[in-house]
Amino acid sequence: MPKTIRLLSTYKGIPPQTILTLDDATANVLLAGGVNATTVLTGGIPYVAPAAAPAKVLPASFEVDAAGKVSLVGAGFPVALPSASTNLRMRIAGDSLTYGGAPGRAPGLFDGRPWYGSSTITTLANLGNGSWLVYCMVDGRAGTAGGKIETDARSWMRWTYTGDPSPGPWVDVSQGGWKYLESGSLANSGVLVAIRGATAPVPNQSSTVTTAGLATISDYNFIGYVPWLAGALGDTFAAYEAFGITGATTADILKYMPQVLAGDVEVVCILAGVNDAPSDAVTAKASITNLMAIIDLARAKARRVYVNEIAPNPSASVVTNQFLARVSESIRAYCRTLRNVRFVSAFDKMVSANAIALGGPTPLTNPGGRAGMFNPADNLHWMPLGAYTFAKPLIAALLQDYPKEPFRNNTVGVWDSTLQVGPISLNPALRGNAGAFGGATPTAAANGVTGTVPDSFTLSRSGSTQTCTTAFEPAADGGLDWWTTEVIGSTAGDYHELFQQFNLPPNFVTGDYFQLVLEPQIIGTTGTGLATLQAQATSGGNIQSSYIIQAGRDLAGFGSDMPVLSLRSEPQKVLPGYTLFTMRIRIGARVGGGGKVGWRRFSFEKVAPPAGAA
């Protein structure tokens, strides 16, 4: 039966508030969660199909120039064929393996404000012990005092920042996902909570929340597959928004999928199921049912959907891995019946040969992970090499459907105060050799460096033993030469730091937004590899801080086939009183290890506020 609805978000290019009549199944998918559509038609505008443009017949021909660029030549002028749109948005749904950095980037929640990522729920046992309320982050504009979270008889939640005379409003968190809880009367003093939607809520409980460390935005951490995906595709998509909650099952993800799908979505990537840990056919069937529903929600909203095979779990039992394999096979078969849905697998690349638990007359051993793929601490989560290996087939599938948008490196780009465009930082392409050395003895030898430093930058060493060789080397992709840093370590915690300082221009003011742009390539690692790889911008003694990349675990096992990563940070709002910024890159080898990384873009740029910014 047809059903008439009013859109609350963009659906296949049709704007919000449009009244549509759709088939019952599609309408119910959009209505799920009350985020994308409603049956209340008041205030809506009936849908009117656009008039078909009259056909025009023009003489035309295709031409290919010496560089291989294709143009359509007709009516006396050439028209370049676009390789991809520049305003496409990707959503990535899953669990902790989907982390890119700060978990989740929900529109209207992660809107350029920094957060206290080290916020601690003092009595986590009162709120599900991590099975319901998973984590929280206090607004970085609030200060370090922390506050109090409470639930009522309905298991709704509210927040009171320390020192606020009144608590914030009660908020319905039953759908799970991410919610921003305001404090009662103090502005910019709320808390962001992440909740698993399908687990039992906890009524009439409370806990204090403390903060530590710095307020920061952290975009891409190499322990998840999102940084490799976003970096390899670069400017092909305007945003890569990752929604992952630790411990989330397929039932949890199904609950918060409407939040994942809010707004206009071109592509959805799904990685889910490993936390279900099915032990029999009944629990496996439940996982299959949930995954099919997640896929159906995604394909009703997005133009293309990419479904990853459930990740290997070397820490689980043989039985669990056998049932996970059966779930994946069922989902693979389901995806083959659907249009614009692709099933992608990296399973065989991550486990040791002949050690995959697939069943049979004699059960095999657990799927032992290949060397360097899994975190030895739990044998489930990934090392950076595992995250990259998992991402490779997905990247290949996406590039077949979405050719990579070329990344521009303008070596002469400077800030234009009238046009309000261009990099604000100095020498964003890292050219030249007139930079300086830091430390008590500002020489190359005292800093363990062989080579030179790009103009407007300073290179220093945190300790006294790591060596660093710098050079300009040709890029295999034919772009700008890389400025490379090759380090060899012998003392734990030692690293080299490349940095510069600059003041914001007078017409870049509090409340404006900036974005970091970075283009690195991991050219290779040796031995135990790299322990530190970071790029960030800070101000006010790290009070305002934005990391575009960091490595939560050692980068080791990488060869010479690594992709160029083209990354843009989440836009961040300039806080009051901060005008002097420091940009820095840190690279440090593990004891007995080393690595080489190339750099050819690191810039600080002004951008428009993100959607839903407060």
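Presented here is a report on the structure given in the accompanying data block. In this text, all values refer to a predicted model and were calculated from it rather than measured experimentally.

1. Concerning the overall build of the protein chain
- Along the protein chain, the regular secondary structure elements total seven helices and 34 strands.
- Among the 614 residues that make up the protein chain, the fraction classed as buried is 53%.
- In the protein chain, 72% of the contacts between residues at least 6 apart in sequence involve partners at least 24 apart.
- Accessible area for the protein chain stands at about 25000 Å²; split by element, carbon and sulfur atoms hold 56% of it.

2. A short note on the packing of helix α4 (residues 281–301) against helix α5 (residues 318–335)
- In contact at an axis separation of 9 Å, α4 and α5 are set at 35 degrees when each is read in the N-to-C sense. In this structure, the crossing between α4 and α5 has a hand that is right-handed. Residue-level contacts link A281, A284, S287, I288, L291, M292, I295, D296 and R299 of α4 to F323, V327, S330, I331, Y334 and C335 of α5.
- The residue makeup of the contact of α4 with α5, split by class, is eleven nonpolar, two polar and two charged.

3. Thoughts on the sheet that holds strand β22 (residues 436–437)
- What the eleven strands build is an open sheet, ordered β14-β15-β11-β9-β17-β30-β29-β33-β27-β24-β22; its pairing is mixed. Two strands lie at the open edges of the sheet, namely β14 (177–181) and β22, each paired on one side alone.
- Pairing between strand β24 (residues 458–461) and strand β27 (residues 496–503): four bridges, direction antiparallel. Across the sheet, the residue bridging to L459 is L498, located in β27.

4. Side note on the sheet that holds strand β10 (residues 120–121)
- If you trace the four strands from one edge of the open sheet to the other, you get β10-β16-β12-β13, paired in antiparallel fashion. Two strands in the sheet have a free side with no partner beyond their single neighbour: β10 and β13 (157–161).
- When strand β12 (residues 147–151) meets β13, the two strands line up antiparallel, connected through five bridges. Across the sheet, the residue bridging to I149 is W159, located in β13.

5. A short note on the side chain of D95
- Considering the arrangement of structural elements, one finds D95 in the loop between β8 (89–94) and β9 (115–116).
- No salt bridge is formed by the buried D95. Its closest oppositely charged neighbour is R196, at 9.6 Å.
- One polar contact links D95 to N275, side chain to side chain, over a distance of 3.4 Å.

6. Here's the deal with the pattern of salt bridges
- Summed over all chains, the structure comprises 23 salt bridges.
- Among the salt bridges present, the one from R303 reaches D264, with a minimum N-O distance of 3.7 Å. Of this pair, R303 sits in the loop between α4 and β20 (304–308) while D264 sits in the loop between α3 (250–260) and β19 (267–271); the two residues are 39 residues apart in sequence, bridging distant segments of the chain.
- You can call R303 partly exposed: its relative accessible area is 33%.
- Across the salt bridge formed by R304 and D401, the nearest N and O atoms sit 3.9 Å from each other. Taken together, the positions of R304 in strand β20 and D401 in helix α7 (residues 384–401) put the pair 97 residues apart, joining distant regions of the chain.
- Judged by relative accessible area, R304 falls into the partly exposed class, the value being 27%.
- Overlapping salt bridges bring together D235, R568, R601 and E605 as one network.

7. Describing unusual backbone geometry
- Residues other than glycine seldom take positive phi values, yet Q17 does so here, at roughly 75 degrees.
- Along the polypeptide, Q17 turns up in the loop between β1 (2–7) and β2 (18–23).
- Take Q17: its relative accessible area is 31%, and that puts it in the partly exposed class.
- Of note in the backbone geometry, S456 takes a positive phi value of approximately 70 degrees without being a glycine.
- Inspection of the secondary structure assignment puts S456 in the loop between β23 (449–450) and β24.
- Owing to a relative accessible area of 43%, S456 belongs among the partly exposed residues under this scheme.

8. Digging into the nonpolar core
- Counting residues in hydrophobic clusters, the biggest one holds 123 residues, and the most contacted among them are W228 and F604.
- Broken down by element, the residue count for this core peaks at nine residues, all from α7.
- Among residues more than four places away in sequence, those in contact with W228 are F222, P384, A387, Y388, A391, I395, I522, L555, F558, M562 and L565.

9. Let's talk about the packing of aromatic side chains
- Scanning the entire structure with this criterion turns up 18 aromatic pairs.
- When the ring of F502 is compared with that of F581, the centres are 6.5 Å apart and the planes differ by 15 degrees; the resulting orientation is stacked. Of the two residues, F502 is situated in strand β27 and F581 in strand β33 (residues 580–589); the sequence distance between them amounts to 79 residues. Each member of the pair, F502 together with F581, is buried.
- One Lys or Arg, K606, reaches over the ring of F508 and ends 5.5 Å from the middle of that ring.

Conventions and cut-offs
- Residues numbered from 1 in each chain as written.
- Predicted model: local features only at pLDDT ≥ 70, side-chain atom pairs only at ≥ 80, totals over all residues.
- Heavy atoms only, no water.
- Helix = DSSP H or I, 4+ residues; strand = E, 2+ residues; numbered from the N terminus.
- Buried < 20%, exposed > 50% of the residue type's maximum accessible area, 1.4 Å probe, protein only.
- Contact = heavy atoms within 4.5 Å.
- Areas by Shrake-Rupley, 256 points an atom, 1.4 Å probe, with all protein chains shown as cover.
- Axes fitted to C-alpha atoms, helices over the stretch in contact; angles between N-to-C directions.
- Left-handed = near helix turned anticlockwise from the far one by under 90°.
- Nonpolar A, V, L, I, M, F, W, Y, C, P; charged D, E, K, R; others polar.
- Pairing = 2+ DSSP bridges.
- Lys, Arg positive; Asp, Glu negative; His and termini not counted.
- Salt bridge = Lys/Arg side-chain N within 4 Å of Asp/Glu carboxyl O.
- Polar contact = N/O pair within 3.5 Å; in protein donor to acceptor, adjacent residues only side chain to side chain.
- Core = buried A, V, L, I, M, F, W, Y, C linked by side-chain atoms within 4.5 Å.
- Phe/Tyr/Trp six-rings, centres within 6.5 Å; stacked < 30°, edge-to-face > 60°.
- Lys NZ or Arg CZ within 6 Å of the ring centre and 35° of its normal.

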